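The lines below spell out each chain.
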Amino acid sequence: MAEVKLHGRWYSPFPYRVIWALKLKGISYEYIEEDLSNKSPLLLQYNPVHKKIPVLVHSGKPICESMIIIEYIEEKWPQTPLLPSDPYERAKARFWVKFVEEKAPAFWSLYRSTGEEQKKALKDSSETLKIVEEQGLGEKKFFGGDSIGIVDIAFGAIAHWFGVFEEIVEVKVLEAHAFPRLHAWKVNFEEVPVIKENLPDRDKMLDHFKKRRIESLSASQ
Amino acid sequence: MAKNDVKVLGAWPSTFVMRPRIALNIKSVNYEFLEETFGSKSELLLQSNPVHKKIPVLIHGDKPICESMIIVEYIDEVWTSGPSILPSDPYDRAIQRFWAAYVDEKWFAAMRGLRIAQGEERKAFLDQVTEGLALLEEAFGKCSKGKAFFGGDRIGLLDIAFGSLLGWLRVTEKVGKVKLLDEAKTPGLVKWAESFCADAAVKSIMPETEKLIEFSKLLMAQMKGAPPPKN
């Protein structure tokens, strides 16, 4: 079996999307931790355009951008499909993947900013959650239906990290009373064994992101 | 399939609208082109794309599909008897998708900035645009493998993603008095652009540069808050 390697960083949500896809399909891989403050020559060679993780390397060939990696994994290893088979349903799934990717900055912004900017991030992220809940998820248990699919993976990473950020900045957005279906979805998503067993340690995350927030806020003064 | 089973909601000047039209042309699929009135959004558009309220929208039967590159992939998956738009090899598909995303997320923003900005800011955008073109020139060499298109012998996903921007690229060159595609720096892309625009799937729908320049004046006026023209 040709070798699969994943270059990532333990506190970044994006490599986890790839980990979840690989684990769901039962694909063995080697995980390589990258130091983003001191990027390895290998990473720069594999991703010269963006110089970012994750990078999946399959038989020596690099693939970049988490959701593009997942489409590649889906095509190479069709077991436990993450996309529906019907073209229209596939187009809808891809639509929601793109939507959450485009709106993700507001979620990070809640954590990165203060004052007026943070208020805007709160408003924007709430609006996004409303649209995702009403038009994306609807009455389904998961975006993928009865089992998780590509949209669950894409948004699940954002939502999980968002939960950590909410705790740090002490602002709750994704609450059960405001977004009952989406809140239930997050609980169910994080109970899926592959997800539950493949998340970074929460205390480590809180510690890391708290420190980073203090550093970046004091640097910008 | 009857012509009115496939509709494209759009507008002739739009880069993004061109993409599904090129894809449908490649597949020889007849479609009805429903043009939106500049300055307003039709009920059909608002119903078909409630999230973004933007063009293009493909309406196949009663099903709306939104987001230009997602529409292109949908077209490729549905009309399998026509020539393929995406390559068959998963790695090659990933490369095409990577560069299409780069064009849309990074390069397009730099191009838009270049059209609007002034002074020092403009110079920064110009640098970003030319750096991007150097990367795309290199990508062209690797993807085309000596053939005419990023997709090889025929137009593919990345040709559609990037080629649809050529109309506005020419507007920027003419109005901004700057050479972006250059025989010395980007010889591959210069030839590719000619081949792309001459292709049967593209020729009839690539807007003329002069018409786009006229239209851009309307756009500028709208941005500055002038009321839309009555028609």
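Now for a quick tour of the structure. (Residues numbered from 1 in each chain as written. Chains lettered and ligands numbered in written order. Predicted model: local features only at pLDDT ≥ 70, side-chain atom pairs only at ≥ 80, totals over all residues. Heavy atoms only, no water.)

1. Topic: a positive patch on the surface
Thought 1: On the surface, Lys103 of chain A together with Lys41, Lys53, Lys54, Arg112 and Arg115 of chain B cluster together to form a positively charged patch.
Thought 2: Here Lys41 of chain B shows up in the loop between β2 (32-35) and α2 (43-48). (Patch = residues over 30% accessible without salt bridge, like charges linked within 9 Å, V, L, I, M, F, W, Y side chains within 5 Å. Areas by Shrake-Rupley, 256 points an atom, 1.4 Å probe, with all protein chains shown as cover. Salt bridge = Lys/Arg side-chain N within 4 Å of Asp/Glu carboxyl O. Lys, Arg positive; Asp, Glu negative; His and termini not counted. Charge placed at Lys NZ, Arg CZ, Asp CG, Glu CD. Helix = DSSP H or I, 4+ residues; strand = E, 2+ residues; numbered from the N terminus.)

2. Quick look at the sheet that holds strand β1 (residues 6-10) of chain B
All names here are of chain B.
Thought 1: With mixed pairing, 4 strands are arranged side by side in an open sheet as β2-β1-β3-β4. Either end of the sheet is taken by a strand with one partner, and the two such strands are β2 and β4 (63-66). With direction set aside, neighbouring strand axes in the sheet form an average angle of 25°.
Thought 2: As defined by bridge partners, β1 adjoins β2 across 4 bridges and the pair is classed as parallel. In the sheet register, Gly10 faces β2, and the bridge partner there is Glu35.
Thought 3: Helix α3 (residues 68-78) contacts β3 (57-60) and β4 of the sheet and is inclined by roughly 125° relative to β4. (Pairing = 2+ DSSP bridges. Axes fitted to C-alpha atoms, helices over the stretch in contact; angles between N-to-C directions. Contact = heavy atoms within 4.5 Å.)

3. Looking at the packing of aromatic side chains
All names here are of chain A.
Thought 1: According to the stated counting rule, one finds 29 aromatic pairs over all chains in the structure shown.
Thought 2: Here Tyr11 and Phe209 contribute two aromatic rings whose centre-to-centre distance is 6.1 Å and whose plane-to-plane angle is 85°, an arrangement assigned as edge-to-face. Here Tyr11 is found in the loop between β1 (4-8) and α1 (13-24), whereas its partner Phe209 is found in helix α9 (residues 202-219), with 198 residues between them in sequence.
Thought 3: Of the residues examined, Tyr11 reaches a relative accessible area of 12% and is grouped as buried.
Thought 4: With a relative accessible area of 4%, Phe209 lands in the buried category.
Thought 5: With a centroid separation of 5.3 Å and 80° between ring planes, the pair formed by Phe143 and Trp185 is classed as edge-to-face. Of this pair, Phe143 sits in the loop between α5 (115-137) and α6 (150-169) while Trp185 sits in helix α7 (residues 180-191); the two residues are 42 residues apart in sequence, bridging distant segments of the chain. Each of the two residues, Phe143 as well as Trp185, counts as buried.
Thought 6: By way of ring pairs, the aromatic residues Trp10, Tyr11, Phe14, Trp108, Tyr111, Phe165 and Phe209 are connected into one cluster. (Phe/Tyr/Trp six-rings, centres within 6.5 Å; stacked < 30°, edge-to-face > 60°. Buried < 20%, exposed > 50% of the residue type's maximum accessible area, 1.4 Å probe, protein only.)

4. Quick word on the sheet that holds β1 of chain A
Residue and element names in this part refer to chain A.
Thought 1: The sheet built from 4 strands is open, its strands ordered β2-β1-β3-β4 with mixed pairing. Of all strands in the sheet, those bounded by a partner on one side alone are β2 (30-33) and β4 (61-64). Shown here is a sheet whose adjacent strand axes are inclined to one another by a mean of 25°, direction ignored.
Thought 2: For β1 and strand β3 (residues 55-58), the ladder comprises 4 bridges, and the chain directions are antiparallel. Each residue of the ladder has a partner; that of Leu6, found in β3, is Leu56.

5. Quick notes on the interface of chain A and chain B
Thought 1: At the interface, 24 residues of chain A touch 26 residues of chain B.
Thought 2: For the chain A and chain B pair, buried surface summed over both sides reaches about 2,300 Å², with 69% attributable to carbon and sulfur atoms.
Thought 3: Per-residue buried area on chain A facing chain B is highest for Glu75, Tyr88 and Phe95 of chain A; these three make up 26% of the total on that side.
Thought 4: The interface formed by chain A and chain B includes 7 salt bridges. (Buried area = accessible area lost by both parts, 1.4 Å probe.)

6. Let's talk about the environment of Ile53 of chain A
Residues and elements named next belong to chain A.
Thought 1: Note on placement: Ile53 falls in the loop between α2 (41-46) and β3.
Thought 2: Taking the C-alpha atoms as reference points, Ile53 and Cys64, 11 residues apart in sequence, are found 7.5 Å from one another.
Thought 3: If near-sequence neighbours (up to four positions away) are discounted, Ile53 is found in contact with His7, Gly8, Arg9, Ser12, Pro15, Glu34, Leu36 and Leu43.

7. Regarding the packing of α1 of chain A against helix α3 (residues 66-76) of chain A
To characterise two packed helices, one gives the angle between the axes of the helices and the distance between these axes.
Residue and element names in this part refer to chain A.
Thought 1: Put simply, α1 and α3 touch, their axes get as near as 9 Å, and they point 10° apart. One element, α1, and the other, α3, form an angle in the roughly parallel class. Within the contact between the two elements, α1 uses Phe14, Arg17, Val18, Ala21 and Leu22 and α3 uses Ser66, Met67, Ile69, Ile70 and Ile73.
Thought 2: Its residues assigned to classes, the contact of α1 with α3 comprises 8 nonpolar, 1 polar and 1 charged. (Parallel < 35°, antiparallel > 145°, perpendicular 65-115°, else oblique. Nonpolar A, V, L, I, M, F, W, Y, C, P; charged D, E, K, R; others polar.)

8. A closer look at the nonpolar core
Soluble globular proteins tend to pack their nonpolar side chains together in the buried interior.
Thought 1: The biggest cluster of nonpolar side chains holds 147 residues, and the ones touching the most others in it are Leu56, Phe155 and Leu182 of chain A together with Trp107, Trp192 and Phe196 of chain B.
Thought 2: In terms of residue count, the dominant contributor to this core is α6 of chain A (14 residues).
Thought 3: Not counting chain neighbours up to four residues away, the residues in contact with Leu182 of chain A comprise Leu129, Val132, Glu133, Leu137, Phe143, Phe155 and Leu174 of chain A.
Thought 4: Counting 5 residues, the second largest nonpolar core, distinct from the first, contains Trp168, Val171, Leu212 and Phe215 of chain B. (Core = buried A, V, L, I, M, F, W, Y, C linked by side-chain atoms within 4.5 Å.)

9. Quick word on α3 of chain A
Thought 1: For α3 of chain A, the tally of buried residues reaches 9 of 11 residues, placing the bulk of the element in the interior.
Thought 2: All of the buried residues in α3 of chain A are Ser66, Met67, Ile68, Ile69, Ile70, Glu71, Tyr72, Ile73 and Glu74 of chain A.
Thought 3: Buried residues in α3 of chain A make contact with α1, β3, β4, α4 (87-112) and α6 of chain A together with α4 (90-116) of chain B.

10. Here's the deal with unusual backbone geometry
Thought 1: A cis amide bond, omega 0°, links Ile53 of chain A with the succeeding residue Pro54 of chain A.
Thought 2: Cis geometry is found at the peptide bond from Ile55 of chain B to Pro56 of chain B, where omega equals 0°.
Thought 3: Relative to the assigned elements, Pro56 of chain B resides in the loop between α2 and β3.
Thought 4: Phi is positive for Ser59 of chain A, close to 50°, though the residue is something other than glycine.

11. Structural notes on a nonpolar patch on the surface
Thought 1: A contiguous nonpolar surface patch, about 280 Å² in accessible area, is contributed by Ile116, Met220 and Met223 of chain B.
Thought 2: Positionally, Met220 of chain B belongs in helix α10 (residues 209-223).

12. Notes on the side chain of Arg93 of chain B
Thought 1: Relative to the helices and strands, Arg93 of chain B is located in helix α4.
Thought 2: Among the polar contacts listed, one links the side chain of Arg93 of chain B to the side chain of Glu75 of chain A, at a separation of 3.0 Å.
Thought 3: Those residues in contact with Arg93 of chain B, other than ones at most four positions away along the chain, are Glu75 of chain A together with Leu86, Pro87 and Ser88 of chain B. (Polar contact = N/O pair within 3.5 Å; in protein donor to acceptor, adjacent residues only side chain to side chain.)

Honestly, that's just the spatial picture; any functional story needs more than this.
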